[in-house]
Every structure is written in C-alpha cells, then in structure tokens.
4 protein chains.
Amino acid sequence: MPAPTSNAILRIHCADRKGLVAVITSFILANNGNIVNLAEHVDCDCGMFVMRVEWDCADFAIPREKIAEQFQTLVASKQEQMHWSLEFSDRPLRMAIFVSKLSHCLFDILSRIESGEWDVEVPLIVSNHPDLGSIAERFGIPFHVLPISAETKAEQEARTLELLAENDVDFVVLARYMQILSPAFIERYPDRVINIHHSFLPAFPGGRPYHQAHERGVKIIGATSHYVTAELDGGPIIAQDVAAITHRDSVEQLVRKGRDLEKTVLSRAIWAHLHHRVEVCGQRTVVFD
Amino acid sequence: MPAPTSNAILRIHCADRKGLVAVITSFILANNGNIVNLAEHVDCDCGMFVMRVEWDCADFAIPREKIAEQFQTLVASKQEQMHWSLEFSDRPLRMAIFVSKLSHCLFDILSRIESGEWDVEVPLIVSNHPDLGSIAERFGIPFHVLPISAETKAEQEARTLELLAENDVDFVVLARYMQILSPAFIERYPDRVINIHHSFLPAFPGGRPYHQAHERGVKIIGATSHYVTAELDGGPIIAQDVAAITHRDSVEQLVRKGRDLEKTVLSRAIWAHLHHRVEVCGQRTVVFD
Amino acid sequence: MPAPTSNAILRIHCADRKGLVAVITSFILANNGNIVNLAEHVDCDCGMFVMRVEWDCADFAIPREKIAEQFQTLVASKQEQMHWSLEFSDRPLRMAIFVSKLSHCLFDILSRIESGEWDVEVPLIVSNHPDLGSIAERFGIPFHVLPISAETKAEQEARTLELLAENDVDFVVLARYMQILSPAFIERYPDRVINIHHSFLPAFPGGRPYHQAHERGVKIIGATSHYVTAELDGGPIIAQDVAAITHRDSVEQLVRKGRDLEKTVLSRAIWAHLHHRVEVCGQRTVVFD
Amino acid sequence: MPAPTSNAILRIHCADRKGLVAVITSFILANNGNIVNLAEHVDCDCGMFVMRVEWDCADFAIPREKIAEQFQTLVASKQEQMHWSLEFSDRPLRMAIFVSKLSHCLFDILSRIESGEWDVEVPLIVSNHPDLGSIAERFGIPFHVLPISAETKAEQEARTLELLAENDVDFVVLARYMQILSPAFIERYPDRVINIHHSFLPAFPGGRPYHQAHERGVKIIGATSHYVTAELDGGPIIAQDVAAITHRDSVEQLVRKGRDLEKTVLSRAIWAHLHHRVEVCGQRTVVFD
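Trainee: What exactly am I supposed to notice about the nonpolar core here?
Mentor: Nonpolar side chains in soluble globular proteins tend to be buried together. Counting residues in hydrophobic clusters, the biggest one holds 200 residues, and the most contacted among them are M95 and I97 of chain A, I97 of chain B, I97 of chain C together with M95 and I97 of chain D. In contact with I97 of chain C, other than residues within four places in its own chain, are L106, I109, L110, V122, L124, I125, V126, V173 and A175 of chain C.

Trainee: Is there a simple way to think about the relation of the copies chain D and chain B in this case?
Mentor: Copies of the same chain, two in number, are related to each other by a rotation about an axis and a translation along it. Overlaying chain D with chain B gives an RMSD of 0.0 Å, the required rotation being 180° about an axis along which the chain moves by 0.0 Å. In symmetry terms, the pair is related by a two-fold rotation axis. Looking at the rotation axis and the C-alpha trace of chain D, the residue lying nearest is R138 of chain D, at 3.2 Å. Interface residue correspondence from chain D to chain B reaches 100%, placing this contact among same-surface, isologous pairings.

Trainee: When you look at the relation of the copies chain B and chain A in this model, what are you seeing that I'm missing?
Mentor: Each copy of the sequence occupies a distinct position, and chain B is placed on chain A by a rotation of 180° and an axial shift of 0.0 Å, giving an RMSD of 0.0 Å. Most of the interface of chain B is mirrored in chain A: 100% of its interface residues are interface residues there too.

Trainee: Would you explain the domain arrangement of chain A in this entry?
Mentor: All names here are of chain A. One can read the domain layout of chain A as domain 1 (7-88) and domain 2 (93-287). With twelve residues of domain 1 at the interface, the matching set in domain 2 holds nine residues. The largest per-residue losses of area from domain 1 upon contact with domain 2 belong to R11, H13 and R52, which jointly make up 46% of the total buried on that side. The tally of links between domain 1 and domain 2 comes to two salt bridges.

Trainee: Help me out: how do you make sense of the interface of chain D and chain B in this one?
Mentor: Many structure descriptions define interface size as the accessible area lost when the parts assemble. Chain D puts 23 residues into the contact, and the matching count from chain B is 23 residues. Between chain D and chain B lies a buried interface of about 2,200 Å² when both sides are counted; carbon and sulfur atoms form 46% of it. Note that R112 of chain B is salt-bridged to D260 of chain D, the shortest N-O span being 3.0 Å. The interface formed by chain D and chain B holds eleven residue pairs in polar contact (both at pLDDT 80 or more) in total. Looking at the side of chain D that touches chain B, the elements with two or more residues in it are α3 (104-114), α4 (133-138) and α8 (251-274) of chain D. With seven residues, α8 of chain D is the largest single contributor of residues to the side of chain D that touches chain B. Class assignment for the residues of the side of chain D that touches chain B results in six nonpolar, six polar and eleven charged.

Trainee: Any chance you could explain unusual backbone geometry here in plain terms?
Mentor: Peptide bonds are trans in most cases, and residues, glycine excluded, mostly fall at negative phi. In this chain, L201 of chain A is followed by P202 of chain A through a cis amide linkage whose omega measures 10°. Residue position: P202 of chain A is located in the loop between β9 (193-197) and α7 (209-216). The backbone of D233 of chain A shows a phi angle near 55°, a positive value even though the residue is not glycine. The residue D233 of chain A is located in the loop between β10 (220-227) and β11 (237-244) in this model. With relative accessibility at 10%, the residue D233 of chain A sits in the buried group. In this structure, F204 of chain C takes a positive phi of about 55° despite not being glycine. Position of F204 of chain C among the secondary structure elements: in the loop between β9 (193-197) and α7 (209-216).

Trainee: Sorry if this is basic, but what is going on with the pairing of strand β5 (residues 93-99) of chain A here?
Mentor: The two faces of the sheet receive side chains in turn, since in a regular strand these alternate between them. Residues and elements named next belong to chain A. Summarising burial for β5: six of the seven residues are buried, a large majority. Relative to strand β6 (residues 120-127), β5 is paired through six bridges, and the arrangement is parallel. Bridging from a neighbouring strand, F98 pairs with V126 of β6. Remark: the β5/helix α3 (residues 104-114)/β6 crossover connection has right-handed handedness. Summarising the sheet, β5 and strand β8 (residues 171-174) pair through four bridges and their orientation is parallel. Bridge pairing links I97 to V173 in β8.

Trainee: Just checking my understanding: could you explain the pattern of salt bridges for this structure?
Mentor: For side chains of opposite charge, pairing can occur when their charged atoms come near one another. Tallying each qualifying case throughout the model produces 80 salt bridges over all chains. Across the pair R284 of chain B and D43 of chain B runs a salt bridge, and its minimum N-O distance is 2.7 Å. Of the two residues, R284 of chain B sits in strand β13 (residues 284-287) while D43 of chain B sits in strand β2 (residues 34-43), which places them 241 residues apart along the sequence. As a salt-bridge pair, R112 of chain D and D108 of chain D come within 2.9 Å of each other at their nearest N and O atoms. With R112 of chain D and D108 of chain D both in helix α3, this residue pair falls four residues apart, about one helical turn. Owing to a relative accessible area of 3%, R112 of chain D belongs among the buried residues under this scheme. Counted as one network, the salt bridges with shared partners bring together D108, R112 and E117 of chain A together with R259, D260 and K263 of chain C.

Definitions and limits used
- Residues numbered from 1 in each chain as written.
- Chains lettered and ligands numbered in written order.
- Predicted model: local features only at pLDDT ≥ 70, side-chain atom pairs only at ≥ 80, totals over all residues.
- Heavy atoms only, no water.
- Core = buried A, V, L, I, M, F, W, Y, C linked by side-chain atoms within 4.5 Å.
- Buried < 20%, exposed > 50% of the residue type's maximum accessible area, 1.4 Å probe, protein only.
- Contact = heavy atoms within 4.5 Å.
- Least-squares fit on C-alpha atoms with pLDDT ≥ 70 in both.
- Domains from an automatic or database assignment.
- Buried area = accessible area lost by both parts, 1.4 Å probe.
- Salt bridge = Lys/Arg side-chain N within 4 Å of Asp/Glu carboxyl O.
- Polar contact = N/O pair within 3.5 Å; in protein donor to acceptor, adjacent residues only side chain to side chain.
- Helix = DSSP H or I, 4+ residues; strand = E, 2+ residues; numbered from the N terminus.
- Nonpolar A, V, L, I, M, F, W, Y, C, P; charged D, E, K, R; others polar.
- Pairing = 2+ DSSP bridges.
- Right-handed = clockwise from strand over helix to strand, strands pointing away.

Following this line, the structure appears as structure tokens:
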C-alpha cells in the first residue's frame, strides 16, 4: 500500500525465465532499499512475467533521478528484453475527465479528490455538452465544452488532444462520456484511457445495456471499467462489480442501482491506475491489489 | 415460507386489471382460509399480473379436492381470462436428474434430499455415460445409462421420455448434462427442464465458458440456472450468482471456483421450483422469494 | 416502484388476523383505485401483520384529503386496532443532515439530490464543526455550526430541535455525525433518525470499528444503516453491505474501502425511507423492496 | 497455483528486515529452481515478514530430501531467526473429520475428495453421535463413535488423540462438530484444527447464531472458518462469506441459507490449508490466494 513518504515503484513485464525475482530484488538490496511491497505474476497462457515492487527511497543508495539509468544498465548487462517503468509515489498523476450529461461519476471523482482520498491533479474537464459546467466551476476546475457532430468530430478530437498535451495529462477518464473516441485518439493514449460501461461485460456491450438486461431477465446487473481500445467495449478489464436484482426492478430501477455500481467501479479502476497497480497483459490486466 | 402443515398454493397469471387481489383474497377469506404468504407483481412492460398466495388448509371451508373446481367457477363468473395452478405443500414433486460425468451438482442435490433439506422424490437418474452410476447406487436411486450419438439421439430421447412418463416425473434437472435436448423433447416439459450453465448468461453461452472468461480477462465469473427452451442457453433465468476472481486464477482455478457456484445456483433454482415460487413471464421469470 | 404521477401509499401494522388483505384491497377496489404495488408480511415471531399498498390516485373516487378520514371510518367499523399511515408519492419529505468532519456521505447525498435521483428537500445541514460549511454553501443549503461539549450539549440539542421544528423536518440523517444524541432528542424523532455505522453490526459497535476489525483479522468489513434508539448502535437495521478484504489491507485501506460501503449503504437506507418502504417491527425492520 | 508435478513450497515467517526476498530467491535461483509462485507480505502492525514461494523441483540441484537441511544451513549462516516450513505439492495431507448430526459439510467434503477436486487422505471420521455412520460407510471411511458427556470427556479426548496419532493425522476439520475441544487437545494441534462457525464472527459467537441474527434483525448472515484456539470462536479467521437476507426469512430460512455458506466457507478454508496457503500471524491469518 502506498506510504506517505516517497516510494519508488518499479513495474516489469517480460518473457518469463528463471531468476528474474532474484535479479531485481538483489538490485534493490544491494542499494540498501527496503521493499515495502512486492508482487509478481506468471501468466502461464502467454508465458509472461509481470512484477511490481515498491521500496522506500529514504536510504536508497542511488539518487532518484539516477535509478532509471542504473536499472537500465543492469537490464542491459543481463541481456534481458524487458518492458519496465519507474514511478514515484509522491509524484501525482494528471488526469483529464471527459463527461456528457450524467453527473454521478463526476461527483464521485471530484468528492474523492476534494476530501484528500486521492492524490491526483485534474487540470481540465472536457464535455460535449455544457450541462455539467456548474459542477466543474464549483470544484474550481476548467471546463471545456467541445460539442461533437459527425462533421466536427475530427476537428474537435484534434482540439482535445491539444488541450491534453498543453495540460501534461497522463491519462483520461471517461466518466459516462457518450462519445466513441476515434482509433487515432486512442493510439495516443494506449492503456491510458479508462472507461466505465454499465454492464458486466462481455454481456450487453454497446447501447442501452440496462434495457438489454431487463429484456433478457437477468438476476444480476453489473458495471465494468476497462482501458479503451479500438474495439468497442472490448478493452482490457480493470474492475467489475455486480448487484443482485429481482423481477420487481423495472428498467428505471436498474438504472438507479446501476449508477452506484458505475461510480464505485470506475473509482476503483482509477485508484488502481493512480497507484500504478495495473499492468496490461494482452487482452487482460494484472491488478496488484 | 413452506409450513410443515398442508398449505394450498395458488399461482395466477393474467392481463392486469383492477381488483384482482381483492377478488382472490376475498375468495380465500370467505372460505375461512388464513393467508400465510401473499406476493403479487405487475410487469409493466407486458401488462401482466402475477400472484402467488399460500394459505393454511386446516380450517378451509372447501375440501382440498374441490378447491380447484370452485376457484374455476369463480373465475368463470368474473369472465376472467386467467392462467392459474393450484398445488399443495404436502405433495412432493417428482424430479428426474440428468447427468454426464461431473458429479458435484449431483452430490449436492442428493445430499440435500438425504438430509431432509428438500422434500422431493427422485425416481430416476438418467445419464449418457456410466461414470456416476456408483453414486446413484449409494443413494438407492435407479440409474439409466442412455448413451447418445448422432444416430441414436432420437431413439434415446424417445426412450427417455417413456421413462419420465412411466415414473410420473414432474420436472427434469440437467445437473451438468452435456447433451442438448431436442426441441421436441423440450416441448413436452415446457418450463419444467432446469439447466445450469457455467457462466453469467448472456455472457459466454455455449461451450467452454471458463476458457472464454479467462481469455476475455473478466474479473468476475458466474453461473446461471434457467428453464430450457429451444434457444441454446437462452431460456428464462431463475437464479444467478457470481464470484470475484483475479489475474492469479488460471482456467483450472476458474473451473474449481465455478463448481461451487454451479451447484449452489442450481440448487437455489430447484428449491424455488419445488416450492412453486417461479412463474415464467415471457422471457423472464418472477421468483417469489 | 414510485410512479411519477401521484400515488397514495398506505402502510399498515397490526396484530395478524384473517382477512386483512381482503378488507384493505376491497376498500381500494370499491373506490376505483388501481393498485400498482402491494406487499405484505406476517412476522411469525411477534404475530404482526405488516402491509404496504400503493395505488394510483388518478381515478380514485375519494379526494386525497379525505382518504385518511374514510379509511379510519372503515377501520373503526371493523373494530380493528391498527397502526397505519398514509403518504403521497408527490409530497417530498424534508430531511436534515447532521455531519462532523468527514465529507464522503454528505457529498454522496447532495449529488443524488442535485442530479434529481432523489426527490427530497434539505432545508438545513447541522454540524458540530465548521469544516464542511463550504460544501453546504456550494449546494446552496443553510449550514448551522453547533459545537458540542459536555457543558453545552443540552443547550445545543435544544437549539437543534428548534431548528428542526422551524424547518418542518420530517427526518434526520446522521452522515458520519460524531456525536451521540441524547435519549430525549431521539424520542422526538422515533424511527426518524437514520445513522450509518462503519461495521457490520452487531460486530464492532462503538468507536474505531476498522481498527477493531483489523485487530480481529476478519476477512470481510461492512457498514450498517439503522434507526437510532437509546441503545448505542442497537437500533433497527435498515440496510447493510460488506466488502471482502485480505491480509494486505491495512487499517488505512479498511477506512478507504469502508467509505464506499458507508455512503452506499446510508443512501440505500435513505432511499427506502424516502419511499415509505421501511416499517419498524420491534427491533427489526420490514423493508419492502 | 499448484502444478500437477512436484513443487516445493517454502513458507517463512520472521521479523521484517531488508533483503529477505533477495536471499531466498537467490537460494532458489542458485540451485536452478524455477519459481512458479511467490507472494510476500509485511504486516506493519507486528513488523512480521511472511513469504510463500513455490518452485518446480524438476531440475532443482538439491535432492528433495536435502532441501530442508541446506536451507537451514543458509539461514544459520545469515544469523536469521526464522520460522519456516517446507512442503511438497505431491505429498497429500492426512485429515481427520469430526462430525455430530448435521451432514451438509461432511457430504460437501467427501464429494470433493471423491471427485478428485482435492488431493487429501481421510483415514478416519470421528463423531459423538452414530447418525452419520452410514455416510462414512458409503464413502469407505472408518467411522469412530465417541460419545461425550461431562464425565467421559477427558477419557474420550484421550482416545481421540490416540486415534489421530495412530493414523498420522496432519490436521483436523470440525465439520459442524457440536463439542468444545479442551485446551489440552487444541495444544496438540496448534493452527491445525479448522472449525466452521455459522455467523460472521465476531458477531454472534457461541450457541444458536441464526436465532441471534434473526432477533437482532440483521440484513446479512455469514459463516466463518477459523483455526481453533482456547478462546471460543476467537481463533484466527481463514475464510468468511455472507448472504443477503430479508425480513421474509424466518429462522428456518436462515438455517437453510446458512448451510450453503457453512459448507462453502469451510471447504474454502480446507482448500487453502491443504495447499499450504495459510500462515497464522498473531490473531490474524495471511491467506495467499
């Protein structure tokens, strides 16, 4: 779990082979790092090794700005092919929120930030409708209205990408944003656009999932948060949750009960992303909890 | 809830109109019946009224063998178009169990019956494989092996239907029976064949749902019990349940965790059916809990 | 479920005897009411009959301001001893919110109201600390700071009761209000003060339940919403929910995960209360869902 | 997850200090072991380091009968104070089952063993009542009836301990065994007697928890599996689960719904114990899932 002091967080992703844990933990030990959290996973299906290790930087022998360089030297010396990334727990990420007309996920996110539950910066909110501007204003966050039509979509996405770049945004949250992003947009933020879909995917992808659920007569509804890929509602799942329903629940009641799932599941996914706990592995995620 | 004494259980299903509850409860009151349980539901989508009422027969003015006749007279006098059925809590249903090679659902069912948890008669178990015969034998239940191939399917189904008829079977439970019943078979037992499918339908219908779930990377697996219709895994859902999983769960672990869901969900559905608590309403069920 | 049009909601609570459902539904039928929802419950332990019936007032023969009088005449004519209450779905309740320093439940409640999810009026927020005043201000709700010490408690409670009376408050929600109300205060709002406690009661009553839970090593944490009675954390439970935890969860993580339970469970309890779906029956509640 | 081939499973438990993971994984690497599973946990409250590592023995440089000796040499050379244990995945544990009159947990356990779901040996079942002897017989397991009264308790426990010793029993499962074991008995099997209690402990310890739950009016019931200690229902919790209930559930229905929780939760705890995934840490457990 993230400590208030500064921890280094190293994530690794490579083909599995013997000794990887020993190599990495010995590097940390040799430099006097105290591991506060270590988790590894071998995905037998695709032969991938995934690891997340977090250590206290307080007495670490390498200055934080040199850790990446020295770790890369180690990796090169071992002739490893390795994807890795290094983060520090005291560097908050910068998150853009995209919304349309529904406020429940936005309120949930903003209230967590204001109460100090999350350490994240939100330089901007983007919307294709003006409706939620007053909420953004009350929380003191710049609100950009960029309406989308078939004709303006390319132009507005380009403008949005500029805004994200200008604001040094690390990742994007679609908080019930009712537009489909173009593949070109998604490619700019791979595994960095988080969506919430209001069904337990892969059941009921696409539009009106509560209507679909009611019609099918399921006894459980759900919500799914996932990274956005070019395939609609098909990206790697980060978090899911469900709620029991009965025949007494009309579509309106499903929508009402579903809202609570949506905001909770989306916030769980954001929390995991903020703490560098999610690693994408093909079409699946490893979420170190 | 079912009392140890004899209760009458009346289920009604008709187009909604004013006064239905008053008509029915007044009939019971006028004949000195004490209602121990009443539940009604109006399905707004299809305009159907569904009701289940259970009363103690002890002091009821009409002898039990005459209740149906007198209720029909009342219905006719009111010019109602009404589907209704009358059951008595002290008349156990007769259930056939169909199995293949997996024993967990069968053991779960038989242990509930032996311990007295359920009041049901099981005159026979049917299987397309001999493997589970020794279990049937230990519980003293006749076991019929009827192997199915493309060539023998029609003949074996005919033989099976004969067995069900000879044994006065009320309903059939497919306890991980790995054959698809023909539409002709299903028509003989409408809303009376209960299946367990090892996914949260409508996700992952058909074969190898745990493999599908693993490949898709879901964070939740499920099981669904439903009445069998001509559409594969498409019948009205009676019960569903789910379990959280993580990236650490291989397909083998999904199978293991799923077994517990399968047996529990199937048994919940059977319990509801045994207690006349399920009413099919189009593609959905009303389950009075 | 509550319709957008005006429905009458009658709740009844009395000793069980034959024919109660027939008497009440016949009254509604005779006056041309269309029942949209009916649920009854017989509590076998205390021999109580509890019923909730909701009907569309559109074509009802009795004007709404006369319904109570005429129903009382009926009750008297039958010599029934009956507790009953009549509400109308288009008359929103007036709710006071009491808070201290934690904002998550308050934000959750206010965001539901602002988005139109709930139809309720909040004339005031009361707090023993000034911290959350800026939130109240942003939502345009009067905020009263009434600090409590041992010396001032009686006086401040008296002042609070005056505020509630002046504002025609129907019920009070303690949204993580960290003061214990005196028995005298509670008596003024019997079954009308809703609290959220951050454990699955009756486990871990009193202070620091997450610390207690961590120390005991439970694998599940919970939250409980209940009506406040003179017994600390002992009142009738309206709603509970739980979340799985592991050894990896420190107390801080329990607090974090628990917040989501607290706000969700409290809001479920408020929703049920707002829709006149909760009936207290001794130390238990009947919640018509 | 345990592979069908032989894996070594090393569990370690000691005061936390820098470099423990590196020391242990380097030992495995140096001897050509391929780690298939590694999990560690630092309990910040008590400063304990807990680790479980599982590696494939196929190409391991140390013969399996020498691994313990060589690991101890390593530990001594590092001057570590360390509790550790070594198990092999192909050596099934030997489990005694204690029962009284209720069969649901026993059936659940035996059906898992018969179907091959678990790899465990059950040399004997002990009961203080003869009722379940016929079940033991059908599964071919010796059944010992040892009735207990205040006078005979000491003698019968002594006889039971002899039976356990004669049968080389590794651990004991109390499958709804309705006797309290003496502290002397428990001391002989520390952290090796697993009980199932029919409530979400610490709520409703002791007798008749479903009656207690009904009386208190909870909306959720639970079951808890824990290691038995001298404190009644106070030992370290291995697994818990819960089910939602409503006012419609009488005590009889709680008992019925609770049975499913009991057998599932107990079996989950046994599975974790069988796979050497549980480590007791003071009053809590670390369950590596």
